[in-house]
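Given next are the chains, with one letter for each unit.
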Amino acid sequence: MGVNKVRFKIRKQIQQQEPKVSVFKSKLKKSVTCSVPRIRSTVTGFFPVMRWLPKYKVRDYICGDVMSGLIVGIILVPQAIAYCLLAGVEPIYGLYTSFYANIIYFLMGTSRHVSVGIFSLMSLMVGQVVYKEMFLAGFDLSEDSQASGPDGFNGSNSMNLTAGHLHSVELMGLQCSKECYAISIATALTFMAGIYQVLMAVFRLGFVSVYLSAPMLDGFATGASFTILTVQVKYLLGLKIPRHQGYGTVIITWINVLANIHKTNLCDLITSVICISILVAGKEIQERYKDRLKIPLPTELVVVAGATLASHFGELNSHYGSSVSGHIPTGFIPPQVPNFSLMSHVALDALPLAVISFAFTVSLSEMFAKKNGYTVRANQEMLAIGFCNIIPSFFHCFTTSAALAKTMVKDSTGCQTQVSSLVSALVVLLILLFFAPFFYALQKCVLACIIIDVPAKWRDSKNDAIVWLVAMSATALISVELGLVIGVVFSMSCVIFKTQKPKVSLLGRVNDTDIYDDVDEYANLALPARVQVIRFQAPLYYANKDTFLKSIYKIVGVEPFLEMTKRKKAEKKAKEMSQRRAKASGDNNNGDVVIGLVQGELEFHTIVLDCSAMPFIDSTGMATFKVLVKEYKEIGVRVILASCNTSVIDTLQKGQFFGKNDEDMSSLLFPAVHAAVLHANSTCAAVRLEDSVV
């Protein structure tokens, strides 16, 4: 009792030195205090580039940053154009997105290696919303018109609508055609996602990402990969079929593809086969000779350049009807405020986008920071990715995130700081200003080849594998949004199930040490004489209290209520027999005899509960402990606790489990299992000695 009480008092005294009210007042006073150092700290905290850029070591860093920036920029350009097929917008907007996101993250990000920009999963989720809203607005999703393009915002598409052949809607006082409406939806969605992310950063809601387990994210990404592949099949085959809206995209799309397979464009099919073969061969060569190659092979750029030249000089569009990217203008479009009337339509859709975007960004930031020996600020990362969505939404961009593949390229090519992102942005800028029109003849099937993802690997853990499979199946077979919800709910359900059905172990002693472990896991463990040591490997709370009790009853082999019932029946039977014998012999005591031998003796006299694997208990758990002690006491068995942490002790003390003023603490609580076993045996021996003397 002395050790436990002293430890508890010391801990309480330390807590009482700083009352919560005074701590709150101190923090509040500090937060409202305004001074030059505090303003400087706030500004540099919001823009981390102001801290590290003045200390930039040009000689040490510049070569690695420029090299990685150029390589990522070269990879980024074809991907930026290609992923617009997923997002349902014109190729120019992918270039805008990549340009602005890299610059903003350069200013606000805390990771040195993360590459923020266009990401296939984000593009797919944006595209799902864009096509859904376009369908609801009455647009024909199968038409390939390029009526308005980027100029739709400036009203220059009005002459295209005079013939009445194209459907349009009115936005902000202007007639907006298909392409204009698509980017309007995308920017409104992006703005809302950015707002959610900034709010999550302000209110410190980063803990939400804890519920996105790695297996769930892997399964979600793999399911999305199947969806991405399915969405691109029509481009690979040159089919002109509408993009399915609603649940079951993968199944319905494949049915439509098979129904229209006879309409396959042979030119697109042959081009797709050639491009995929080159891309796969390039990845194989890269993987096999990665130790010899100083930089990644620019396979995607080679494919895009070669296919563009072949399409242009072979006139594949006019001769064979092959779908091409179309005109990509140079320069920038004047900024436009996102359409607030559309935000109510996409407010709910923006939430999963915001969560997935910041989850990937924060996890990648922390992963590469740990690998390269520095730290990142998760909350600032959320702010950075939030503003990478809010600000670009005014410049006709769609939702961004950190991308694993490009981040790995940066890390492997000598990246040292986010100056590499600035170099990548300059590469995209060159394309925007001078070279964008050269991609006019680029076939859409080539872009589809670049987009296709490879599914993630199967997990080793059985539980993780099930979570992965459920998330992947739901995402691929139902929808991306519902796949995320189902994945999160199922992952959390698995955690809850684990706490409801935890492992309960009978412990034995390791040789002559004071160490106790699971007798089912380790051989040659000695069970302590007449003491049952049990470990419950989960928190004890309202949801698993019944499991806890049943597990204890099963392991010790004695359920108190049944044992009491059994004893009462035996006592009653013995008493009746005694009365009959007394009546037969003419004894006048009416069979009132002491039946001491009826109860018998159990094989154990004490149960020691090892609470080392029990992180906390609630009031129901505390009440369960009381019930357990009381029930076993009635049949002559003691229940004592060992290795409880301070959280469990606090709850037990508040519930007066140890009696008033903790008077029974020394007999019910022990710092270690071996101490509890020794105490149980010594107490039992002392009781027997007293009985023998009496």
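Residues numbered from 1 in each chain as written. Predicted model: local features only at pLDDT ≥ 70, side-chain atom pairs only at ≥ 80, totals over all residues. Heavy atoms only, no water.

Within the protein one finds 26 helices and 11 strands. The burial tally for the protein puts 50% of its 694 residues in the buried class. Across the protein, every contact between residues at least 6 apart in sequence was considered, and the portion connecting residues at least 24 apart equals 80%. If you sum the accessible surface of the protein, you get close to 34,600 Å²; carbon and sulfur atoms cover 62% of it. (Helix = DSSP H or I, 4+ residues; strand = E, 2+ residues; numbered from the N terminus. Buried < 20%, exposed > 50% of the residue type's maximum accessible area, 1.4 Å probe, protein only. Contact = heavy atoms within 4.5 Å. Areas by Shrake-Rupley, 256 points an atom, 1.4 Å probe, with all protein chains shown as cover.)

Attention now moves to the pairing of strand E10 (residues 638-642). The buried fraction of E10 amounts to four of the five residues, a majority that puts the element mostly inside the structure. Strand direction decides the pairing type here: strand E9 (residues 606-610) and E10, joined by five bridges, are parallel. By the bridge assignment for E10, Ile-607 is matched with Val-639. Each parallel crossover has a hand, and for E9 linked through helix H23 (residues 619-633) to E10 it is right-handed. (Pairing = 2+ DSSP bridges. Right-handed = clockwise from strand over helix to strand, strands pointing away.)

Turning our attention to the pairing of E9. Burial within E9 is extensive, with five of its five residues counted as buried. Here E9 shows a buried face lined by Thr-606, Val-608 and Asp-610 and a second buried face lined by Ile-607 and Leu-609. Across five bridges, strand E8 (residues 531-536) lies against E9 in parallel orientation. The residue of E9 that forms the bridge with Arg-535 is Asp-610.

So, on to the packing of aromatic side chains. Counted by the stated rule, this structure contains 22 aromatic pairs. Pairing Trp-52 with Phe-106 gives two aromatic rings, centres 5.8 Å apart and planes at 90°, and the pair type is edge-to-face. Of the two residues, Trp-52 is situated in helix H4 (residues 49-52) and Phe-106 in helix H6 (residues 91-108); the sequence distance between them amounts to 54 residues. Measuring from ring centre to ring centre gives 5.8 Å for Phe-548 and Phe-625, while their planes differ by 80°; the resulting arrangement is edge-to-face. Residue Phe-548 is found in helix H21 (residues 545-556), and its partner Phe-625 is found in helix H23; the two are separated by 77 residues along the sequence. With a relative accessible area of 1%, Phe-548 lands in the buried category. What makes Phe-625 buried here is its relative accessible area of 2%. Following the ring pairs from residue to residue traces out a cluster consisting of Tyr-93, Tyr-96, Phe-99, Tyr-100, Phe-332 and Phe-395. (Phe/Tyr/Trp six-rings, centres within 6.5 Å; stacked < 30°, edge-to-face > 60°.)

Here we take up the nonpolar core. Val-89, Leu-95, Leu-121, Tyr-181 and Phe-398 are the most contacted members of the largest nonpolar core, which has 109 residues in total. With 14 residues, the single largest contributor to this core is helix H8 (residues 178-202). Excluding its chain neighbours within four sequence positions, the residues that come into contact with Val-89 are Cys-84, Ala-182, Ile-183, Ala-186 and Phe-398. With 49 residues, the next largest nonpolar core counts Val-504, Phe-548, Leu-602 and Phe-658 among its residues. (Core = buried A, V, L, I, M, F, W, Y, C linked by side-chain atoms within 4.5 Å.)

Turning our eyes to something else, we now look at the environment of Ala-384. With respect to the secondary-structure elements, Ala-384 resides in helix H15 (residues 378-390). Using a relative accessible area of 0% as the deciding quantity, one classes Ala-384 as buried. Each C-alpha atom of the pair Ala-384 and Gln-197 lies 9.0 Å from the other, and the pair is 187 residues apart in sequence. If we ignore the near neighbours within four places in the chain, the residues touching Ala-384 are Ile-104, Tyr-105, Met-108 and Gly-109.

Moving on, we get to the state of the cysteines. Summed over all chains, the structure comprises one disulfide. Paired by a disulfide, Cys-176 and Cys-180 hold their sulfur atoms 1.8 Å apart. Classification of the bridge connecting Cys-176 and Cys-180 rests on its S-S torsion, roughly -110°, and on that basis the disulfide is left-handed. As far as the burial class goes, Cys-176 and Cys-180 line up, both buried. There is no disulfide at Cys-267, and the cysteine sulfur nearest it, in Cys-445, is 7.0 Å away. (Disulfide = S-S within 2.5 Å.)

Turning our attention to the environment of Val-280. In this fold, Val-280 is placed in helix H11 (residues 266-288). Take Val-280: its relative accessible area is 44%, and that puts it in the partly exposed class. For the pair formed by Val-280 and Thr-299, sequence separation is 19 residues and the distance between their alpha carbons is 9.2 Å.

Once that is clear, we can look at the confidence of the model for the protein. For the protein, the mean per-residue pLDDT works out to 80, and 84% of the residues sit at or above 70. Taken element by element, the protein is modelled with least confidence in helix H1 (residues 2-16), mean pLDDT 46, and with most confidence in H6, mean pLDDT 93. Long-range and interchain partners of residues 454-460, a stretch whose pLDDT sits below 50, account for 16 contacts in this model, where long-range means more than four residues apart. Counting interchain partners and residues more than four positions distant, the pLDDT-below-50 stretch residues 590-599 has 15 contacts. (pLDDT = per-residue confidence, 0-100.)

Across the interface, helix H14 (residues 340-372) lies against helix H16 (residues 404-412) with an axial gap of 11 Å and an inter-helix angle of 20°. Here H14 is positioned roughly parallel relative to H16, judged by the angle of their axes. Here H14 and H16 pass one another in a crossing that is right-handed. Here Leu-364, Phe-368, Lys-371 and Asn-372 of H14 come into contact with H16, specifically with Leu-404, Thr-407, Met-408 and Asp-411. (Axes fitted to C-alpha atoms, helices over the stretch in contact; angles between N-to-C directions. Parallel < 35°, antiparallel > 145°, perpendicular 65-115°, else oblique. Left-handed = near helix turned anticlockwise from the far one by under 90°.)

With that settled, the discussion passes to unusual backbone geometry. Phi angles above zero are rare outside glycine, and Glu-315 is one such case at about 50°. Within the secondary structure layout, Glu-315 lies in the loop between helix H12 (299-314) and helix H13 (316-320). Residue Glu-315 is classed as partly exposed on the basis of its relative accessible area of 40%. The phi angle at Asn-524 is positive, at roughly 60°, despite the residue not being glycine. On the accessibility criterion, Asn-524 (71% relative accessible area) is exposed.

What follows concerns a nonpolar patch on the surface. Residues Leu-266, Leu-269, Ile-270, Val-273, Ile-274 and Ile-278 make up a contiguous nonpolar surface patch of roughly 530 Å² in combined accessible area. Here Ile-270 shows up in helix H11. (Patch = residues over 30% accessible without salt bridge, like charges linked within 9 Å, V, L, I, M, F, W, Y side chains within 5 Å. Salt bridge = Lys/Arg side-chain N within 4 Å of Asp/Glu carboxyl O.)

The next subject is H21. For H21, spanning 12 residues, the distance from its first C-alpha to its last is 17 Å, which sits close to the expected 16 Å at 1.5 Å a residue. Regarding H21, the residues found buried are Thr-547, Phe-548, Leu-549, Ser-551, Ile-552, Tyr-553 and Val-556. Directly beyond the C-terminal end of H21, a positive phi value near 80° is found at Gly-557. (Expected span 1.5 Å × (residues − 1).)

Quick look at the packing of H8 against H14 now. H14 packs onto H8 with a crossing angle of 55° between their chain directions and a minimal axis gap of 6 Å. By the angle class used here, H8 and H14 are oblique. The two elements H8 and H14 cross, and the hand of that crossing is right-handed. Split by residue class, the contact of H8 with H14 holds 20 nonpolar, three polar and one charged. (Nonpolar A, V, L, I, M, F, W, Y, C, P; charged D, E, K, R; others polar.)

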